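Secondary and tertiary structure notes
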Amino acid sequence: MKTLLAAILLFSTFSMAAVTKEPFGKTSDGRQVYLYTMKNNSGMEVAITNFGATIVSLKVPDRQGKFADVVLGFDNVSGYESKADPYFGATIGRYANRIAKGRFTLDGRQYQLAINNPPNSLHGGAIGFDKRVWTVEEGDSNSQHLSLHYLSPDGEENYPGNLSVSVTFTLTDANELKIEYAATTDRDTVINLTNHSYFNLYGQGEGDILSHVLTLFADKFTPVDLTLIPTGELRSVGTPTRIPAKSPDAAAHAITPFDFRRPAAIGARVNDYDEQLKFGRGYDHNWVVNGNMGELRQAARVVEPRSGRQMDVLTTEPGIQFYCGNFLDGTVKGKGGKVYKHRYGFSLETQHFPDSPNHPSFPTTELKARRQFRSTTVYRFSVAKGH
Ligand code: GAL
C-alpha cells in the first residue's frame, strides 16, 4: 500500500513537471511556432515560445498563495511579430542594448550595423534574435527545463561569424527561473545576450510599477549621452549628477536618483530634475553590479508591497539595465486585452555594458573563434518578509 502511494505520488510529481506544448500561431511567413509551459511542484508556471525564445507568461504566488501573471506580453505570435512589440520577454542578441552609430571595429575591420534606433543600433539590429524562430530540444518531457537553439549565420545583421547560441530555461522547485546562455562562433565576433521581460509583480496590466520597491546591488552606473550611449565613465551612484545650483531639489540630490543601495520605490525619484533621467525619460541605465563578474551574485531585489511578491535577480554578468517602461504609452494591447500604459512594467536586463565594443575600458564583449560564451541569470520569486 505504502509503495503504491509512493508510486502515485512520484508519478503525479513527475507528470506535474512535464513540459506541455501547444500551438502559438503561425508567423507571417507561415511557420508554426509553439508555446511550452513548465510548472514546478509549488504551482509556479512559466510559458515560453520558440519565437524569439520569449517568456510569454510567468505565474507566481503572492503572500496569500494567490497566483498572478507578472510579465507583460501577447496572446499569440502575431503580437510578438508586430512593430509595436517593445521586446516583451524576448531573448535579445546578438548584441543587447545599443552600439553607437551601429559601428565597431574588430580585428582591424569595421562593421556597420542597422541603425534601427537612430542614431544607434539597438538590440541586435533590424531583425534581432527576438524575431527569429528558435529550435527546441525536445524529448525531455519529465523535466522542468527547456533548451532553445539558434544558429545566427555569418553576416546576419552584419555581425561576423556563425554564432551558435543556446538558451536554457530551468524552473526550480525553489520558485526560480534560471536562464543559462551558451554560444560559440567560428570567427571572432561580439556578443551580449539578455532577456527583456517586463515585470509587474502586482500582475500584468494592473497599473504602473512606481510603488515597487527596488534595491540594486551596485555602487556605480554608466552615465549616458542624450542618445543613451555610455560616456565611458563609471560614476558612483552616491555622487550627485549635474543639478542647477539653486534647485529647490538640491538637498534631495545629496542622494542621487541612481542610488538604490537601500530599497527605494521606483517612483520616488524618477521624476526628479536630473540630466541623466532626462536623457532616459526616466530610468534607462546600466548599473555596474558589485562583486566579481563570472560569479553568480545578487544584482537586484524588487518588492511589490501590496501583494508581498518579491523578485531577486542574480547574475554572472557585469551589468544590469534597469528600464522602467518609459516608452510604454498605452498604444500596445497585450495579454487578455490589457492595455500597457506609461511605466506599466520594468525590465532588469542582465548584460555586458551597452556599447562595449567602442569602450576598451569596459569588460570585453568580444567572443573569440572556438571559445565558449557562458552566462547565467536567475529570477527568484518569494514573499517579502515584513510585508
Ligand atoms: C531597453 C532599452 C530602452 C528601450 C527598451 C525597448 O532595453 O534600454 O532604451 O529601447 O529596451 O523599448
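Every chain is numbered on its own, with residues counted from 1 as its sequence reads. At least 70 in pLDDT is required for a residue's local features to be given in this predicted model, at least 80 for side-chain atom pairs to be given and counted, and no such filter applies to totals for whole chains, interfaces and linings, which use all residues. In computing side-chain properties, one takes all heavy atoms of the structure into account and sets aside hydrogens as well as water.

Only a single heavy atom is needed: when it lies within 4 Å of a molecule or strand, its residue is near that molecule or strand. Within the structure, the ligand sits among 13 residues, and Arg98, His123, His196, Asp284 and Glu349 are positioned closest to it. For the ligand, an oxygen atom lies 3.0 Å from a polar atom in the side chain of His123. We call two N or O atoms a polar contact when they sit within 3.5 Å, provided that within protein one can donate a hydrogen and the other can accept it, with sequence-adjacent residues counted only if both atoms are side-chain atoms. Here an oxygen atom of the ligand sits 3.3 Å away from a polar atom, N or O, in the side chain of Gln321. Note on areas: Shrake-Rupley with a 1.4 Å probe; residue coverage comes only from the protein chains shown. For the ligand, the protein covers 95% of the area, taking 310 Å² as the surface of the free molecule. The definitions used throughout rest on a 1 Å grid laid over the protein atoms alone, on which a cavity is an enclosed set of points accommodating a 1.4 Å probe that cannot get out and a pocket is an open set flanked by protein within 12 Å on both sides along at least five of seven lines; lining residues are those having an atom within 4 Å of a point. Put plainly, a molecule is in a cavity or pocket when over half of its atoms are within 2 Å of the grid points there. Under a 2 Å grid-point criterion requiring more than half of the atoms, the pocket assigned to the ligand is the largest pocket. Taken together, the residues of the shell around the ligand sort by class into six nonpolar, four polar and three charged. Polarity classes work like this: nonpolar for Ala, Val, Leu, Ile, Met, Phe, Trp, Tyr, Cys and Pro, charged for Asp, Glu, Lys and Arg, and polar for all others, with Gly in that last group.

Grid points are joined across faces, edges and corners, and a volume is the space filled by probe spheres set on the points. Taken as a whole, the largest pocket encloses approximately 850 Å³ of empty space. Forming the boundary of the largest pocket are 36 residues, of which Asp85, Pro86, Tyr87, Asn117 and Leu122 lie nearest the centre. Grouping the constituent residues of the lining of the largest pocket by class yields 15 nonpolar, 11 polar and 10 charged. The space that makes up the second largest pocket amounts to roughly 250 Å³. As for the second largest pocket, its lining consists of 15 residues, and the residues nearest its centre are Met293, His352, Thr364, Phe373 and Arg374. In this text, helices come from DSSP runs of H or I with a minimum length of four residues, and strands from runs of E with a minimum of two, each type numbered from the N-terminal end. Going through the elements one at a time, β28 (366–367) and β29 (372–383) are the ones with two or more residues in the lining of the second largest pocket. Element by element, the count of residues in the lining of the second largest pocket is highest for β29, at four residues. Taken together, the residues that form the lining of the second largest pocket break down as five nonpolar, seven polar and three charged.

Looking now at the environment of Met44. Within the element layout of this structure, Met44 appears in the loop between β2 (32–39) and β3 (45–49). On the basis of relative accessible area, Met44 is assigned to the buried category, the value being 0%. When sequence neighbours within four positions are dropped, the list of residues in contact with Met44 reads Met38, Lys39, Leu58, Lys59, Val60, Phe67, Leu171, Asn175 and Phe381. The classification of residues rests on relative accessible area computed with a 1.4 Å probe and restricted to protein chains. Under 20% of the type maximum is buried, over 50% is exposed, and intermediate values are partly exposed. Note on contacts: a residue pair is in contact if any heavy atoms of the two residues lie within 4.5 Å.

Between Lys or Arg on one side and Asp or Glu on the other, a salt bridge is scored when a side-chain nitrogen of the former is within 4 Å of a carboxyl oxygen of the latter. Tallied over the entire structure, the rule returns 17 salt bridges. Across the pair Lys131 and Asp130 runs a salt bridge, and its minimum N-O distance is 3.2 Å. The exposure class assigned to Lys131 is partly exposed, which follows from its relative accessible area of 21%. Between Lys368 and Glu366 there is a salt bridge, with the nearest N and O atoms lying 2.9 Å from each other. The class for Glu366 is partly exposed, based on a relative accessible area of 32%. Salt bridges linked by common partners bring Lys39, Glu45 and Lys59 together as one network.

Residue-level confidence of the predictor is what pLDDT reports, using numbers from 0 through 100. With 90% of its residues at a pLDDT of at least 70, the chain reaches an overall mean of 92. Mean pLDDT in the chain bottoms out at helix α1 (residues 2–17), which sits at 47, and peaks at strand β16 (residues 194–195), which reaches 99. Counting interchain partners and residues more than four positions distant, the pLDDT-below-50 stretch residues 6–16 has five contacts.

Let's shift gears to the sheet that holds strand β20 (residues 264–265). With respect to topology, nine strands assemble into an open sheet ordered β11-β12-β13-β14-β29-β23-β22-β17-β20, the strand pairing being antiparallel. Since the sheet does not close on itself, it has two edges, and those belong to β11 (135–136) and β20, each with one partner. Pairing between strands requires that DSSP locate at least two bridges from one strand to the other. In the sheet, β11 pairs with strand β12 (residues 145–152) via two bridges, with the strands oriented antiparallel. Of the residues in β12, the one forming a bridge with Val136 is Leu148.

Glancing now at the packing of aromatic side chains. Side-chain rings of Phe, Tyr and Trp (the six-membered ring for Trp) are treated as a pair once their centres are within 6.5 Å; stacked means planes under 30 degrees apart, edge-to-face means over 60, and tilted covers the remaining angles. Enumeration over the complete set of coordinates arrives at 26 aromatic pairs. Seen in terms of ring centroids, Phe260 and Trp287 are 6.3 Å apart; in terms of plane orientation they differ by 65°. Their pairing is edge-to-face. With Phe260 in the loop between β19 (235–236) and β20 and Trp287 in strand β21 (residues 284–288), the pair connects residues that are 27 residues apart, well separated along the chain. Trp287 shares its class with Phe260; the two are buried. Put simply, the rings of Phe24, Phe74, Tyr80, Phe88, Tyr198, Tyr323, Phe327 and Tyr340 touch in pairs and so form one group of aromatic residues.

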